[in-house]
Amino acid sequence: MNIFEAIREDHDIQRDLLDQLVKTSGDTKQRDELFEKLKQELKIHADAEERHYYKPLIDSDLMQDKARHGIAEHHEIDELVEKLEETDYDSSAWLKIAKDLKHKVEHHLEDEEHKFFQLSGKVLTDNQKIELAKSYNSYMSSHR
């Protein structure tokens, strides 16, 4: 497995959780459980990705701006999560913010999968891609 495959697996988990979350309604146990699981998944994924994907790319002229952009998007996602935490589950605003979060995360995932991966594939060696996947997966499994 290489770093792109490892990250893509977690992207699929995030997409699934977001799809489920925006289908919930009101102050329910299901909404709470899904939101808590999504928050955890987003946090550890961002941490792992920044350490084991973006950090090795910062020194590359080709990828430096992309890596910084990806990290900035992680912060924007964090801000939307904080807005959701501050909003009552049964508020009409909650679902709107959740849909905004879904849109932002999906945009970020698409950027990575269709732009960042191709460019960084030119920067990283095959061995680096495999080693980064190992360290990324190790981080993810120890924090889940």
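Residues numbered from 1 in each chain as written. Predicted model: local features only at pLDDT ≥ 70, side-chain atom pairs only at ≥ 80, totals over all residues. Heavy atoms only, no water.

### Points about the overall build of the protein
Counting its regular elements, the protein contains five helices and zero strands. Listed N to C, the secondary structure of the protein is α-α-α-α-α in terms of helices and strands. Rg of the C-alpha trace for the protein: 16 Å, near the compact-globule value of 15 Å for 144 residues, within the 12% margin. Overall, the protein is about 50 × 30 × 20 Å in size when its C-alpha atoms are taken along their principal axes. Per-residue burial over the protein gives 44% buried out of 144 residues. Look at the contacts in the protein between residues 6 or more apart in sequence, and 78% of them connect residues 24 or more apart. As displayed, the protein offers around 7800 Å² of accessible surface, 47% of which is attributable to carbon and sulfur atoms. Positive and negative side-chain charges of the protein, numbering 22 and 34 respectively, have mean locations separated by a distance of 2 Å. (Helix = DSSP H or I, 4+ residues; strand = E, 2+ residues; numbered from the N terminus. Rg over C-alpha atoms; globule rule 2.2 N^0.38 Å. Buried < 20%, exposed > 50% of the residue type's maximum accessible area, 1.4 Å probe, protein only. Contact = heavy atoms within 4.5 Å. Areas by Shrake-Rupley, 256 points an atom, 1.4 Å probe, with all protein chains shown as cover. Lys, Arg positive; Asp, Glu negative; His and termini not counted. Charge placed at Lys NZ, Arg CZ, Asp CG, Glu CD.)

### Regarding the layout of surface pockets
One number sums up the size of the largest pocket: a volume of about 210 Å³. Around the largest pocket sit Lys39, Leu42, Lys43, Ala46, Asp47, Glu50, His74, His75, Asp78, Val81, Glu82 and Glu85, which together line it. Counting only elements with at least two residues in the lining of the largest pocket, the list comes to helix H2 (29-57) and helix H3 (64-85). Residue composition of the lining of the largest pocket, by class: three nonpolar, two polar and seven charged. (1 Å grid on protein atoms, 1.4 Å probe; cavity = no way out; pocket = protein on both sides within 12 Å on 5 of 7 lines; lining within 4 Å. Points joined across faces, edges and corners; volume = space filled by probe spheres on them. Nonpolar A, V, L, I, M, F, W, Y, C, P; charged D, E, K, R; others polar.)

### Things to note about the pattern of salt bridges
The tally for this structure, following the rule as stated, stands at 17 salt bridges. With a shortest N-O distance of 2.9 Å, Lys43 and Asp47 are connected by a salt bridge. Residue Lys43 and its partner Asp47 are located together in helix H2, separated by four residues, close to a single helical turn. The partly exposed category is assigned to Lys43, whose relative accessible area is 48%. As a salt-bridge pair, Asp126 and Lys129 come within 3.6 Å of each other at their nearest N and O atoms. In this pair, Asp126 and Lys129 are both assigned in helix H5 (residues 126-143), three residues apart and thus about one turn of the helix distant. Judged by its relative accessible area of 56%, Asp126 is exposed. Given the relative accessible area of 13%, Lys129 is considered buried. It is possible to trace a salt-bridge network through shared partners that takes in Asp12, Arg15, Glu110 and Glu113. (Salt bridge = Lys/Arg side-chain N within 4 Å of Asp/Glu carboxyl O.)

### Considerations on the side chain of Lys39
By secondary structure assignment, the location of Lys39 is in helix H2. Judged by relative accessible area, which is 18%, Lys39 ranks as buried. Excluding residues that lie within four positions of it along the chain, Lys39 makes contacts with Val81 and Glu85.

### Re the environment of Asn127
Within the element layout of this structure, Asn127 appears in helix H5. It is 8.7 Å that separates the C-alpha atoms of Asn127 and Asn2, two residues lying 125 residues apart in sequence.

### Digging into the packing of aromatic side chains
Counting across every chain of the model gives eight aromatic pairs. Ring geometry for Tyr53 versus Tyr54: centroids 5.2 Å apart, planes at 50°, classification tilted. A single burial state applies to Tyr53 and to Tyr54, both of which are buried. Each member of the aromatic cluster is reached from another via a ring pair, and the members are Phe4, Tyr53, Tyr54, Phe116 and Phe117. (Phe/Tyr/Trp six-rings, centres within 6.5 Å; stacked < 30°, edge-to-face > 60°.)

### As for the environment of His143
Here His143 is to be found in helix H5. Sequence separation between His143 and Glu50 is 93 residues, and the spatial gap between their C-alpha atoms is 15 Å.

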